[in-house]
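Fold and contact review
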Amino acid sequence: MNNWLISLDNSVGNFWLQFLIMAVFIIAFVMSSVIMFIWTERRVIARFQARLGPNRAGPFGLFQAIADTVKILTKEDIIPSLADRVLFWTAPAIAFIPTLMIMATIPFMNGFQMVDLNVGVLFISAVSAISAIGIFLSGVAGNNKYSLIGAMREIAQLISFEIPMVLSLASLVIACGSMSLTQIVAAQNVPNIILQPLGFVVFMVAILAEINRTPFDLVEADSELTCGFNTEYSGMKFALLYLTEYSEAVVGAALITTFFLGGWRGPFLPGIMWFVVKMIASFMFILWLRSTLPRLRIDQSMHLAWKGLLPLALVNLFVIALKNVFFPDLSLWISVPVYILVSVLVILLWAGFLRKGRKSLVV
Amino acid sequence: MGSDLAFWVLAVTAVSGALMVVTMRSLFRAALGMILCFLSIAGLFITLTAEYLGMAQIFVYIGAIAILIIMATMLTRQVEHSNLPSPYKFPAIIGALAFLGVSIWVLLNTQWFLEKLPPIIQDITPVSTSTIGLILFGQEGLILAVEIAALLLVAAIIGAISVAKEK
């Protein structure tokens with residue numbers, strides 16, 4: 001067996017073997033994380049709301065997601081008679097595949113990664129737009145008013161929040177000196193959340209909007225749009241959209257981990273354990289936000305993106321660029337407190353400025 | 001072998017995407033065909049080891065331009081099952097045929113000397129992002145052109161705002 005593997009290694013080349021193993025690993029990782037995230041979300045939200053959550057199927061209700069999957073597989077698959085059939089079929093796949101493509105570039109451990117693109121950051125921000133197009137298509141193809149409104153909101157949010165997200169990533173790239181994700185993790189002797197708190201805040205809010213988590217889940221806003229873009233979907237296609245939503249949450253948590261929490265680096269534990277621990281911590285933070293904040297209106301969301309996040313992201317980019325050009329060797333003991341102070345001041349000042357503007361404008 | 005296969009797959013999808021753009025009755029599907037075409041061209045760039053260009057292609061053309069076109073299509077009437085009527089069908093046919101004839105003539109009459117050159121595939125080194133950055137923004141780079149383009153874009157944005165502003 002061992003000899004066979006080595007001969008395979010020499011004849012076919014490392015590439016295909018690594019490709020196969022990593023592809024299987026990434027799909028398994030995303031699927032199992034999605035199942036665990038669904039269970040975690042339902043249990044944690046239940047604790048927040050002082051109820052129990054799913055607790056019947058298996059120990060602690062662990063098998064609830066599997067039971068749901070079986071139920072969904074046996075449901076009737078309905079296609080509305082006026083729907084655009086081709087788009088209706090392909091849209092869930094277009095939405096889902098980019099999340100796997102992004103996971104392929106994430107370093108789980110030192111060297112344990114499917115591809116180390118030297119344009120990794122650009123790749124991630126480019127591919128995430130394709131996923132949004134998939135969600136938009138699934139809203140349009142169903143030929144339903146509510147889905148259409150949800151789809152238009154998706155595009156509006158994509159256009160608005162992409163800019164602050166990319167700007168905060170740009171300041172990250174300036175500070176780390178590379179667009180490769182492995183290099184970004186390797187550059188974080190101190191996690192970026194401490195070095196760039198303002199960038200972290202901007203990125204966090206923008207990624208919440210990109211993956212449609214609760215303060216920004218206008219795309220499917222149950223109480224106003226029934227279920228938004230996936231109203232017309234049922235059966236397996238609905239399951240795929242549901243999977244997309246949670247695998248986007250997995251991707252979001254993985255991106256926050258890689259960019260701002262230091263990726264797989266940490267003492268004592270092996271790298272992949274640190275990665276998973278940090279991923280779960282960021283997902284818990286997302287859940288905390290979800291159970292705390294009410295949903296924004298679409299105009300509030302747009303105001304936040306264009307008037308709130310965009311200037312903050314520009315200030316962040318400016319300050320980081322200044323620091324890297326004029327004081328590249330400044331001690332961390334000076335630069336970190338100064339930058340944290342600057343961030344808090346800028347956020348407070350800008351929030352006060354916006355509030356004053358709103359009073360005079362009466363929006 | 002692998003890169004040949006990749007080239008043919010990407011070339012066929014790019015051409016079929018481009019054909020979808022001009023043949024589809026529904027404007028919305030035509031926009032999607034355009035996205036397919038852009039994606040395959042980005043793939044072609046990547047097989048030519050121009051990764052940065054490929055990513056920029058996806059980022060700019062799909063992430064921004066295609067989405068804007070889709071938005072514009074959604075705002076027009078009769079999106080679903082019609083071509084927008086045009087009174088200029090006959091001149092358009094003549095113009096298109098003339099353009100086709102000229103491009104075929106140019107293709108046939110150009111001296112293609114590529115086959116005499118030695119194959120350079122072996123020693124292509126991927127152009128790194130920092131090289132592109134230096135060419136664009138470096139001391140002897142194209143910084144003036146970049147700044148003029150930026151100025152043009154700012155002027156266009158201000159113009160768009162002043163046109164769209166409510167009176």
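The coordinates are above.
Procedures and definitions
Per chain, residue numbering runs from 1 following the sequence as it is written. Each chain gets a letter, beginning with A, and each ligand a number, beginning with 1, in the order they are written. Local features in a predicted model are, by the rule used here, given only for residues with pLDDT of at least 70; side-chain atom pairs are given and counted only at 80 or more, and totals for whole chains, interfaces and linings are based on all residues. Each side-chain value is worked out from all heavy atoms of the structure, with water and hydrogens disregarded. For the purposes of this entry, the term helix denotes a DSSP run of H or I that reaches at least four residues, the term strand denotes a run of E that reaches at least two, and both are numbered from the N terminus. Relative accessible area decides the class of each residue, using a 1.4 Å probe on protein chains only: under 20% of the type maximum gives buried, over 50% gives exposed, and in between gives partly exposed. Contacts were defined at the residue level, with two residues in contact if any of their heavy atoms lie within 4.5 Å. Here the accessible surface of atoms and residues is derived via Shrake-Rupley with a 1.4 Å probe, and residues count as covered only by protein chains that are part of the display. Two parts lose some accessible area (1.4 Å probe) when they are put together, and adding that loss for both gives the buried area. By definition here, a salt bridge exists when the distance from a side-chain nitrogen of Lys or Arg to a carboxyl oxygen of Asp or Glu is within 4 Å. Contacts described as polar in this section are N or O atom pairs within 3.5 Å, which, within protein, must combine one atom able to donate a hydrogen with one able to accept it, while residues neighboring in sequence count only if both atoms come from side chains. The criterion for an aromatic pair is that two Phe, Tyr or Trp rings (for Trp, the six-membered ring) have centres within 6.5 Å, with stacked assigned to planes under 30 degrees apart, edge-to-face to planes over 60 apart and tilted to the rest.

Focus on the overall build of chain B
Each helix and strand in chain B was counted, giving six helices and zero strands. Ordering the α and β elements of chain B from the N terminus gives α-α-α-α-α-α. Classification of the 167 residues of chain B by burial places 19% in the buried group. In chain B, 48% of the contacts between residues at least 6 apart in sequence involve partners at least 24 apart. Per element, the accessible surface of chain B, about 12800 Å² overall, is 75% carbon and sulfur.

Concerning the interface of chain A and chain B
The interface is formed by 23 residues belonging to chain A together with 19 residues belonging to chain B. With both sides pooled, the region where chain A packs onto chain B buries about 1900 Å², and carbon together with sulfur makes up 85% of that total. Seen at the junction of chain A and chain B, the total is zero salt bridges. The interface formed by chain A and chain B holds zero residue pairs in polar contact (both at pLDDT 80 or more) in total. Sorting the residues of the side of chain A that touches chain B by element identifies helix H4 (85-103), helix H5 (120-141) and helix H6 (145-176) of chain A as the ones contributing at least two each.

Quick look at the packing of aromatic side chains
Throughout the structure, instances matching the rule amount to 18 aromatic pairs over all chains. Note on A:Phe161 and A:Phe216: the rings are 5.2 Å apart at their centroids and 65° apart in plane angle, and the pair reads as edge-to-face. Of this pair, A:Phe161 sits in helix H6 while A:Phe216 sits in the loop between helix H9 (197-210) and helix H10 (222-225), placing them 55 residues apart in sequence. Considered together, A:Phe161 and A:Phe216 belong to a single accessibility category, that of buried residues. Centre to centre, the rings of B:Phe38 and B:Tyr61 are 4.9 Å apart; their planes meet at 55°, and the pair counts as tilted. Here B:Phe38 is found in helix H2 (residues 27-47), whereas its partner B:Tyr61 is found in helix H3 (residues 51-75), with 23 residues between them in sequence. Here a set of aromatic residues connected by ring pairs shows up, and it is made of A:Phe25, A:Phe29, A:Phe108, A:Phe112 and A:Phe275.

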